[in-house]
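Examining the three-dimensional arrangement
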Amino acid sequence: MKSFEELMAIKAKMQDKVAVRQAADNTIRVVVGMATCGIAAGARPVLNAFVEGVNEAGMAETVTVTQTGCIGICQYEPVVEVFEKDKEKTTYVKMTAEKAQEVIEKHIKGGKPVTEYTIGATKL
Amino acid sequence: MIRSHVLICGGTGCTSSGSAALANKLTEELKAKGLEEEIKIVMTGCFGLCALGPIMIVYPEGTFYSMVTEDDIPEIVEEHLLKGRIVDRLVYKDGVEHEDASAAASLSDTNFYKKQKRVALRNCGVINPEAIDEYIAMDGYFALAKALKEMTPDEVIQTILDSGLRGRGGGGFPTGRKWMFAKASVSDKKYVVCNADEGDPGAFMDRSVLEGDPHAVIEAMAIAGYAIGADEGWVYVRAEYPIAVKRLQIALDEAREYGLLGKNIFGSDFNFDIHIRLGAGAFVCGEETALLTSIEGNRGEPRSRPPFPAVKGLWGQPTIVNNVETYANIPQIILNGSDWFKSFGTAGSPGTKVFALGGKIKNTGLVEVPMGTTLREVIEEIGGGVPNGKKFKAAQTGGPSGGCLPASLIDTPIDFDTLIKAGSMMGSGGLIVMDEDTCMVDIAKFFLEFTVDESCGKCAPCRIGTVRLLEILNKITDGNGEMEDLDKLEELANYIKSASLCALGQTAPNPILSTLRFFRDEYIAHIVDKKCPAGVCKGLLSYEIDADKCKGCTLCARVCPAGAISGKVKEAHVIDKTKCVKCGACIEKCKFGAISKK
């Protein structure tokens, strides 16, 4: 290693990869329902889309993508909940990988929930 | 794309409880479920909770699974990794009460971790010690870069001096002063040595650092080399630490490949490289002059100081010798500054200390706490207290060189100076907990047997004196003691302390002196009443059968290895005390509680 810049480059490359282990004080938590119902409805590509999208956006340190069990509204799976500090949680339903991209873009990055995908829009 | 990391402990503790087999099984299961692209398995160093191994942590949830077996793996994969349902029955939740199941599973909330502050162990159990990139991601080698680019050697030494860091191997000598002396010694060749010859029975702090975060030690040694003007380092590590040696070797190879060791590091004119020397496991080689002479290829014996190694050390050149844990603190101090380091611990002993908890305690394992934490916090809150409802009797610190602190001193804050004042010492960090079933005379004897074995034999007070001490202790535990033996013990102990050549002999009588000071009544019970109150010393025990309770089942007579029990079927049996070897096999077998030892 001949320069400090090389060291910085390795750190930058690796940081996202180990960030998953430092989830403690993250401000945003994205939880994907991954029970049998969720998986059957296609939660896996949604989960992967979130993981990849968050990493691409360089937000791995401030956003945790994790999974949970059945939330109880199986007919609306895949369900994704977004928890933000000091804000009400947002529940997205019938998610797809494409919708996930949009949520990352508008909600996670932009701070504005994508209302038409939320559970409120289904008139439950 | 990896969405989850499964960390499995690959430290010595968990390796012996089968963590390698777990990793293999997990790899298989992940493949079977097609998850190998999503879930990454990381073998790490010690998490600290060795009593509950093998240990597994799943991120990003931070779920802490303990005592995982191969049979649990399919369930963890199916339920947790595939469906996101935490396997509740395997989660370690001591002291955690949350409604949210995933939060309850979080590692940092448990009593065991809550009070800990991890500086030396910060990467242990977090990174893969065999991947230098993971260390760099955790700011690894940034301290070396900072030292080389922004600091002069004197500034490095001043920072370490200001931090108040004291040697974690036991002596507690200010590290910065050692470096200052070595810097001031004029020579064209100097050496940086790492003392990884951890010899106290039950201590494994240094092993865990080397196994969990070897690059931290390498980085610190390079910083030390820059500070004192050395271009060569030696790590003296026991051959009986094979995992530590292997990971250190991998780490050295990686560091060389990246140019973090070698010539012109970070484009500066600083060159540094490190060699490993395997020690054969002699306790005396933890003493710095014996260690140096052993590296040179000679028999491990200490020599008198001065000259100190900082003036005349390895191959006659100025040398610093620091302990593994001391080094593990250095990069953090350089990166965060001396004031940051002083924000933990006490005025006289800043920072944190790693302890290996052992003996009669629930959470056997490795903990790191700020100096000044009380024994009670470490034993009762972090360690989970004494198991089986027994009463806490004493805590032994400092290994064979330390002493026993009685229950009345349990609120002593732990730092270098308070422990010495209380008649013990910090030592390298072994902390052995004893309950009411421990005989303090027997404990003193145990440590004396160790030092008698390990004395190198160079100086007479240690070689001969410790043997005489042990003979007196044996006399007492055999039931032949006299009251004047206690005075003889004390007198001889003090001669050995003042006349021995090195710390091994100077501290060898400490276990006797401290037990005499705090548990004199037990010695008197052995001598005057001819009784061992804890029921340990065989020479003072006698086994008896209560004729009223004995049903004459003959079981005891059949298990007795010495043929000491006789009696007819359905009649009360008797023990022939001249034949009895006091093994206790009869008590274990008796279903009627008819046999007692007194």
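Please refer to the structure placed before this passage.
The following refers to the structure shown.

**What about the overall build of chain B?**
Within chain B, the secondary structure is distributed over 25 helices and 17 strands. For 598 residues, the compact-globule estimate of 2.2 N^0.38 gives 25 Å, and the C-alpha radius of gyration of chain B, at 27 Å, lies within 12% of that figure. Across its three principal axes, chain B shows a C-alpha extent of roughly 90 × 65 × 40 Å. Evaluated residue by residue, chain B yields a buried proportion of 54% over its 598 residues. A separation threshold of at least 6 residues defines the contact pool for chain B, and within that pool the share at least 24 residues apart is 71%.

**A closer look at the sheet that holds strand β7 (residues 273-279) of chain B**
All names here are of chain B. Judged by pairing direction, the sheet is parallel, and its 4 strands sit side by side in the order β7-β6-β5-β8 without closing on themselves. Every interior strand has two partners, whereas the edge strands, β7 and β8 (319-323), have only one. This sheet shows a mean twist of 20° between the axes of neighbouring strands, independent of strand direction. For strand β5 (residues 191-196) and β8, the ladder comprises 5 bridges, and the chain directions are parallel. Its bridge partner being in β8, Cys194 is matched across the sheet by Asn322.

**Quick word on the pairing of strand β2 (residues 63-68) of chain A**
Residue and element names in this part refer to chain A. With respect to burial, β2 is a largely interior element, 6 of its 6 residues being buried. The alternating pattern of β2 places Val63, Val65 and Gln67 and Thr64, Thr66 and Thr68 on opposite faces, both of which are buried. One ladder, built from 6 bridges, connects strand β1 (residues 28-33) with β2; its direction is parallel. When the sheet's bridge partners are listed, Ile28 is paired in β2 with Val63.

**A word on the environment of Asp339 of chain B**
Examined against the element boundaries, Asp339 of chain B turns out to sit in helix α15 (residues 338-342). Here the alpha-carbon distance between Asp339 of chain B and Asp162 of chain B, two residues 177 residues apart in the chain, equals 7.9 Å.

**Here we look at the environment of Tyr117 of chain A**
Residues and elements named next belong to chain A. Along the polypeptide, Tyr117 turns up in the segment after α4 (97-109). For Tyr117, a count of 23 C-beta atoms within 10 Å puts it in the buried group. Here the alpha-carbon distance between Tyr117 and Gln67, two residues 50 residues apart in the chain, equals 19 Å. Residues in contact with Tyr117, not counting those within four places in the same chain, are Tyr92, Val93, Met95, Lys99 and Val103.

**Here's the deal with the interface of chain B and chain A**
Where interface size is given, it is often the accessible area lost as the parts come together that is meant. At the junction of the two partners, chain B supplies 27 residues and chain A supplies 29 residues. Of all elements in the fold, only α6 (132-137) and α7 (142-150) of chain B reach the threshold of two or more residues within the side of chain B that touches chain A. Sorting elements by how many residues they give to the side of chain B that touches chain A places α6 of chain B first, with 4 residues. Tallied by class, the residues present in the side of chain B that touches chain A amount to 14 nonpolar, 6 polar and 7 charged.

**Re the nonpolar core**
Within the largest apolar cluster, 206 residues are counted, with the highest numbers of intra-cluster contacts made by Phe50 of chain A together with Met56, Val193, Val217, Met221 and Ile223 of chain B. If one sorts the elements of this core by residue count, helix α11 (residues 214-228) of chain B sits on top with 11 residues. The residues contacting Val217 of chain B, other than those within four sequence positions of it, are Cys194, Val209, Leu210, Val324, Tyr327 and Ala328 of chain B. The next biggest cluster of nonpolar side chains, apart from the first, holds 12 residues, and it includes Tyr543, Cys560, Cys586 and Ile595 of chain B.

**Observations concerning the sheet that holds strand β3 (residues 80-84) of chain A**
Residues and elements named next belong to chain A. Spatial strand order, β2-β1-β3-β4: 4 strands in an open sheet with mixed pairing. The open sheet has two edge strands with one neighbour each: β2 and β4 (90-92). Each strand of the sheet is rotated relative to its neighbour by a mean of 20°, with strand direction disregarded. As judged from the 3 bridges shared by β3 and β4, these two strands associate in the antiparallel manner. Within β4, the position partnered with Val82 by the bridge is Thr90. Helix α3 (residues 43-56) contacts β1, β2 and β3 of the sheet and is inclined by roughly 160° relative to β1.

Cut-off values and rules
- Along every chain, residues carry numbers that run from 1 in the direction the sequence is written.
- Chain letters start at A and ligand numbers start at 1, both assigned in the order the entries are written.
- Side-chain atom pairs in this predicted model are given and counted only at pLDDT of 80 or more, local residue features only at pLDDT of at least 70, and totals for whole chains, interfaces and linings cover all residues.
- Put simply, DSSP marks the helices as runs of H or I at least four residues long and the strands as runs of E at least two long, and each gets a number from the N terminus on.
- Computation of the radius of gyration draws on C-alpha atoms, with the globule rule given as 2.2 Å multiplied by the number of residues to the power 0.38.
- Partly exposed residues are those whose C-beta has more than 12 but fewer than 20 other C-beta atoms within 10 Å; 20 or more makes a residue buried and 12 or fewer makes it exposed, with C-beta atoms placed from the backbone.
- Note that contacts rest on C-beta atoms placed from the backbone: two residues are in contact if these are within 7 Å.
- Should DSSP find at least two bridges between two strands, the strands are taken to pair.
- Axis lines are fitted to C-alpha atoms, over the contacting stretch for helices. Their N-to-C directions set the angle, which ranges from 0 to 180 degrees.
- Lys, Arg, Asp and Glu make up the charged group, whereas Ala, Val, Leu, Ile, Met, Phe, Trp, Tyr, Cys and Pro make up the nonpolar group; the residues left over, Gly among them, are polar.
- Take the buried Ala, Val, Leu, Ile, Met, Phe, Trp, Tyr and Cys residues, join any whose C-beta atoms are within 7 Å, and the set you get is a nonpolar core.

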